[in-house]
Amino acid sequence: MQVIFTASPEFAQIALAEIQKLDRQSKFLQWLDQGIGLIELGEVTFSDLAPQIAVTRSAFVRHLCPVLETVPLEKLQTTLSSLIPVIDRTQSLSIQIRAISKEVNRSELRNEFANDLIAAGLNVVVKDPVQIVSIFCSSNIAYIGFSTAAENLSSWTGGMHRFAHEAGQISRAEFKLLEAIAVFNLTLPTQGRALDLGASPGGWTRVLRQIGLSVVAVDPGDLADALHSDPKVSHSRQLVQQYVPNCRDRFDLIVNDMRMDAADSAKNMRAASQVLKPGGLAIMTLKLPGKGVKAIINTAIAILENSYEIIGVRNLFHNRQEVTVVMRSLAE
Ligand SMILES: C[S@@+](CC[C@H](N)C(=O)[O-])C[C@H]1O[C@@H](n2cnc3c(N)ncnc32)[C@H](O)[C@@H]1O
């Protein structure tokens, strides 16, 4: 079975190595575009790939889709129609199209196919589909796949999780936290207290306030003006290393987006686990320099595992040179 995998272009080689480590019999075929690779699986089935990626904490494969048919572009429409009988009518379905060819009009193609599907009685949706028909168009070939959103690791085209800009948004970093909540399917507490480490200018603090938490924002830097008047935001203008050892509060959630060496940031999170309520969730980013990223992640995770159960590690669409780690306090 051929599979198209997608990663951030700068981490595409690492993503490929992650899949090759999971499936030693797999054969890399070609790069279809920046960060988009085609691989032939050997011993692992497509449906086993996403669970294996989760178990092995492979962080850089962002999206997968199977290739069931490879056809010349001019045969795409007829091939798509032949797919209709295999689709489960009881479950929602999305059509996700990526194209590097300028010849392909994606919205026209999507509309035509959607009309056929709707006429056949299928439940075509844009958001949160259960099933996905994936179409990748290169210059002259279309790769067609059909799978579930869970198998694809993401319900978004190529794992490109888009959020609308909101009035009042403080930083682009907000998207990272929103994406982590969506990708890891997290249920955050809607009341209580959150600790935001490295909070300035306050994007994550704003997201946590919207969820309903009161927030202690720790950062020597300034918070956006809009947060100054919020009585449920308290700004502790100091370093985390100064704040945490003297903290008497207990928190329902800790987040950390500090610009800091990954192992040092992990050590600070280990110290901060003392102020997290038993079983509480923590979300952090690990900043990655250019080289040796796997070793850096492994070192940081080993530090974190003293105090947390690791739920997931992933380079998200809105992460740049970093991965997001989600974990839960081991304290009972
Ligand atoms: C990427 S920004 C955080 C953005 C924030 N999450 C948002 O949504 O607006 C990183 C922040 O980490 C802070 N930082 C770096 N080292 C720190 C430390 N030792 N203690 C507290 N904050 C620190 C920096 O001052 C900077 O404001």
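Details of the structure are given in the entry above.
Here is what the cut-offs are and how they apply
- Residues numbered from 1 in each chain as written.
- Predicted model: local features only at pLDDT ≥ 70, side-chain atom pairs only at ≥ 80, totals over all residues.
- Heavy atoms only, no water.
- 1 Å grid on protein atoms, 1.4 Å probe; cavity = no way out; pocket = protein on both sides within 12 Å on 5 of 7 lines; lining within 4 Å.
- Points joined across faces, edges and corners; volume = space filled by probe spheres on them.
- Helix = DSSP H or I, 4+ residues; strand = E, 2+ residues; numbered from the N terminus.
- Domains from an automatic or database assignment.
- Nonpolar A, V, L, I, M, F, W, Y, C, P; charged D, E, K, R; others polar.
- Salt bridge = Lys/Arg side-chain N within 4 Å of Asp/Glu carboxyl O.
- Buried < 20%, exposed > 50% of the residue type's maximum accessible area, 1.4 Å probe, protein only.
- Polar contact = N/O pair within 3.5 Å; in protein donor to acceptor, adjacent residues only side chain to side chain.
- Near = heavy atom within 4 Å.
- Areas by Shrake-Rupley, 256 points an atom, 1.4 Å probe, with all protein chains shown as cover.
- Sits in = over half its atoms within 2 Å of the grid points.

Peer 1: Before we go on, may I ask you to explain the layout of surface pockets in this structure?
Peer 2: To locate leftover empty space, one rolls a probe as large as a water molecule over the atoms. In this model, the largest pocket occupies a volume close to 690 Å³. Lining the largest pocket are 28 residues, and of these Leu-153, Ala-182, Val-183, Phe-184 and Arg-314 sit closest to its centre. Every element with two or more residues in the lining of the largest pocket is listed here: helix 2 (46-55), helix 5 (149-152), helix 6 (173-183) and strand 14 (308-314). Counting contributing residues, the lining of the largest pocket receives three or more from each of domain 1 (2-159) and domain 2 (173-329). Around the second largest pocket, the lining is made up of 21 residues, and of these Gly-198, Ser-200, Asp-257, Met-258 and Arg-259 lie nearest the centre. If you list the elements that add at least two residues to the lining of the second largest pocket, you get helix 6 and helix 7 (203-211). Taken together, the residues of the lining of the second largest pocket sort by class into 10 nonpolar, 5 polar and 6 charged.

Peer 1: I'm lost on the pattern of salt bridges in this one. Help?
Peer 2: In a structure, side chains of opposite charge can pair up when their charged atoms sit close to one another. The final tally for this structure, using the stated rule, is 12 salt bridges. Lys-176 is paired through a salt bridge with Asp-257; the nearest N and O atoms lie 2.9 Å apart. Taken together, the residues span a long stretch of sequence, with Lys-176 in helix 6 and Asp-257 in the loop between strand 12 (251-256) and helix 10 (262-272) at a distance of 81 residues. For Asp-257, a relative accessible area of 15% translates into the label buried. A salt bridge links Glu-322 to Lys-287; the nearest nitrogen and oxygen atoms lie 2.6 Å apart. Of this pair, Glu-322 sits in strand 15 (residues 322-329) while Lys-287 sits in strand 13 (residues 276-287), placing them 35 residues apart in sequence. Judged by its relative accessible area of 19%, Lys-287 is buried. Within this structure, Lys-176, Asp-257, Lys-287 and Glu-322 form a network of salt bridges that share partners.

Peer 1: Before we go on, may I ask you to explain helix 10 in this structure?
Peer 2: An α-helical segment advances 3.6 residues per turn. Residues three or four places apart therefore align on the same side. Considered for burial, the residues of helix 10 that qualify are Ala-262, Ala-263, Ser-265, Ala-266, Asn-268, Met-269 and Ala-272. One side-chain oxygen at the N-terminal end of helix 10 lies 3.2 Å from the backbone nitrogen of Ala-263; it belongs to Asp-261.

Peer 1: I would appreciate a short explanation of the site of the ligand in the present structure.
Peer 2: Among the 18 residues in the neighbourhood of the ligand, the closest are listed as Gly-203, Asp-219, Val-240, Gln-241 and Asp-257. A distance of 3.4 Å separates an oxygen atom of the ligand from a polar atom in the backbone of Pro-201. Within the complex, the protein chains bury 85% of what would otherwise be the 600 Å² of accessible surface of the ligand. Applying the majority rule of atoms within 2 Å of the grid points places the ligand in the second largest pocket. At the level of secondary structure, the elements contributing two or more residues to the shell around the ligand comprise helix 7 and helix 9 (240-243). Broken down by class, the residue content of the shell around the ligand amounts to 9 nonpolar, 6 polar and 3 charged.

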